[in-house]
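# An overview of the molecular structure
One letter stands for each residue in the lines below.
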Amino acid sequence: MLKKTVLALAVIIAVFVVVVAMQPAAFRVARSITMAAPAPAVFAQVNDFKNWQAWSPWAKIDPAMKQTYEGAPTGVGAITSWAGNDAVGAGRMTILESRAHELIRIKLEFLKPFAATNAAEFKFEPEGSQTTVTWSMSGDNSFMFKAVSLFMSMDKMVGGDFEKGLANMKAVVESEVAAPAGKS
């Protein structure tokens, strides 16, 4: 009986390992929103990490989160590090590419609750007086993340936060764009 139990357990583990190994080697999460604002106004919200406090969903999850800034004040070379509660963890972001009003690429390094390095990207597409912003994150799936993805996808873990952040950014940008018109 013990021999059959051990054999059955070994088969279950082997099947699990094969199923996990067959999961995608990479992931990508993306969300978009259209804002009633010109691309330069939207771009400025992302290109300066200090502006993220007003719209980042993680700033609202942990208002006591500690943030530091170094490197360039905006654009390529701008760096921010954060340390917060268990929900936001700790990490660092560095702007690697910044093409005015078009694209920002960020190296995203998570330190806690787990170590990972991913790429974040913001694309800005002007459409008349509006701008569509696409926020994406991509990275490699380690064996552990492949196993976790069987039960919870990265899209489900992060997609909702991207939606909240973009909605917050839209509110900030649209109120800033509307403010000068109301001051006449």
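This text goes with the structure placed above it.
Conventions used here
Residues numbered from 1 in each chain as written. Predicted model: local features only at pLDDT ≥ 70, side-chain atom pairs only at ≥ 80, totals over all residues. Heavy atoms only, no water. Pairing = 2+ DSSP bridges. Helix = DSSP H or I, 4+ residues; strand = E, 2+ residues; numbered from the N terminus. Axes fitted to C-alpha atoms, helices over the stretch in contact; angles between N-to-C directions. Core = buried A, V, L, I, M, F, W, Y, C linked by side-chain atoms within 4.5 Å. Buried < 20%, exposed > 50% of the residue type's maximum accessible area, 1.4 Å probe, protein only. Contact = heavy atoms within 4.5 Å.

Attention now moves to the sheet that holds strand β7 (residues 130-140). With antiparallel pairing, seven strands are arranged side by side in an open sheet as β1-β7-β6-β5-β4-β3-β2. Among the strands making up the open sheet, the edge pair consists of β1 (26-35) and β2 (66-71). Within the sheet, the average angular offset between the axes of one strand and its neighbour, ignoring direction, is 20 degrees. Relative to strand β5 (residues 103-112), strand β4 (residues 90-99) runs antiparallel, the two sharing nine bridges. Note on β5: the bridge partner recorded for Arg-92 is Glu-109.

In this section: the nonpolar core. With 37 residues, the main nonpolar core has Ile-106, Phe-122 and Met-169 as its most contacted residues. Elements with a minimum of two residues in this core: β1, α2 (39-47), β3 (78-83), β4, β5, β6 (116-127), β7 and α5 (154-182). In terms of residue count, α5 provides more of this core than any other element does, seven residues in total. Not counting residues up to four positions away in its chain, the partners in contact with Met-169 are Met-35, Val-42, Gln-45, Val-46, Trp-55 and Phe-122.

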